[in-house]
Every structure is written in C-alpha cells, then in structure tokens.
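Chain by chain, the residues:
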Amino acid sequence: PTSMRNAPLRLQLASRAVCTLVQPPLPLWYNDHYQVSLPSTSSFPMEKYRYIREALQRELEAAGKATFHESPLASVEDLTTVHDGEYVRRYLANELSHKENRRIGFPWSEAGKLRALSSTGGTVAAMHAVCRPGGARFAGHIAGGTHHAFADRGEGYCVFNDIA
C-alpha cells in the first residue's frame, strides 16, 4: 500500500503479516498518550510509539483490519501478581532511591508512573481480550514488551515486566 511505501521494512512486513494471519479486526492497545519529558541526553525513543501507532492506524483501522484502544492502567493487584509488593508500593509512592530510578532509566514523575501502569495495563487488556470466552483470536499491545524489569526492581527503561 502506498501509505506504507516510506515506512521501515519491519513495519511493512508486520503490517502484511497482520493483514494475512489475523481474522479482522485485530484489537490493539496503545499508551503513547502518556508522554514523559526526558532530558535531551536520554537515548529512549519516546516518540517512536506514537509514530508506530499512527502508521498502523492509517493502514489497518481504515481498512477495518484493527481496532485501537487506549491502554488502561494496571491495578496494584495486576502488578503484585508477578512483582514484589514492596517494590510496587515504593515505585508508586515515589520512594525509590536515585540509584534505583537511574537503573530504570527514567526519572520518576507522575506522567512516568501513568505510562508504566499503562504499559502493563495494555498488555493485560490484550491478554483478557484473547482469554475471555469468545474473545479475539489474537490481540496486541503496541508499547508492550517491557521485559527488562525483574520482580523486585526495574531496569532498562522497564518499570514493570508486562509480559510476566
């Protein structure tokens, strides 16, 4: 499709795979509406998530092949299913040390907290969409994959491990 002509090859291939393997519409969640102000020295590509969603939306939503949903916020219960309760409490209350926040890669902020909760919440929502009786065959979270976090700490730009 012409709208994908200038898109990176990976995005073009992903779009084709979605169009051929999945029974439409594919429910997708996104959380790029939560923006975190980062220092100019940060290497984290915050805008990438919006660009990917917009490209997929142009290509798939208009053709009725996908629906797009804002990611809900994960609950404390969702988080403590796989994360240490004290770590979750300390992160949400902004009680991590400077060193712990540095390991995550983001300075703590209210916007960052909402983004972290929605990163996990979107993946949980996609999982529920597939697991409920009569649910979708496939579902996805565009900003999912925060797999560097551990049960008791965040790391590598990941506060919580959404896939766990």
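See the structure printed just above.
Residues numbered from 1 in each chain as written. Predicted model: local features only at pLDDT ≥ 70, side-chain atom pairs only at ≥ 80, totals over all residues. Heavy atoms only, no water.

**Student:** So what about the overall build of the protein? Which residues, and what values?
**Tutor:** The helix and strand inventory of the protein stands at 6 helices and 3 strands. The secondary structure elements of the protein, listed N-terminal to C-terminal, are α-β-α-β-α-α-α-α-β. Here the protein holds 164 residues, and the buried ones make up 40% of them. Of the contacts made within the protein by residues no fewer than 6 positions apart, 66% connect residues no fewer than 24 positions apart. (Helix = DSSP H or I, 4+ residues; strand = E, 2+ residues; numbered from the N terminus. Buried < 20%, exposed > 50% of the residue type's maximum accessible area, 1.4 Å probe, protein only. Contact = heavy atoms within 4.5 Å.)

**Student:** Would you mind going over the pairing of strand 1 (residues 26-30) in detail, with residue names and values included?
**Tutor:** For strand 1, the tally of buried residues reaches 5 of 5 residues, placing the bulk of the element in the interior. By the alternation rule, side chains of strand 1 split into Leu-26, Leu-28 and Tyr-30 and Pro-27 and Trp-29, which are all buried. Bridging between strand 1 and strand 2 (residues 66-70) involves 5 bridges; their strand directions are parallel. For Pro-27, the partnering residue across the bridge sits in strand 2 and is Thr-67. Note: strand 1 against strand 3 (residues 140-141), 2 bridges, orientation parallel. Bridge pairing links Trp-29 to His-141 in strand 3. (Pairing = 2+ DSSP bridges.)

**Student:** Could you give me a rundown of the pattern of salt bridges, with the residues and numbers involved?
**Tutor:** Taken as a whole, this structure holds 8 salt bridges when the rule is applied. Where Arg-53 meets Asp-32, a salt bridge forms, and the shortest distance between an N and an O atom there is 2.6 Å. Of this pair, Arg-53 sits in helix 2 (residues 48-61) while Asp-32 sits in the loop between strand 1 and helix 2, and the two are 21 residues apart along the sequence. As far as burial versus exposure is concerned, Arg-53 and Asp-32 are alike and both buried. One salt bridge connects Arg-153 with Asp-152, and the closest N-O pair in it is separated by 3.3 Å. You can call Asp-152 partly exposed: its relative accessible area is 44%. A cluster of three or more residues bridged by salt bridges with shared partners is formed by Glu-86, Arg-89 and Glu-95. (Salt bridge = Lys/Arg side-chain N within 4 Å of Asp/Glu carboxyl O.)

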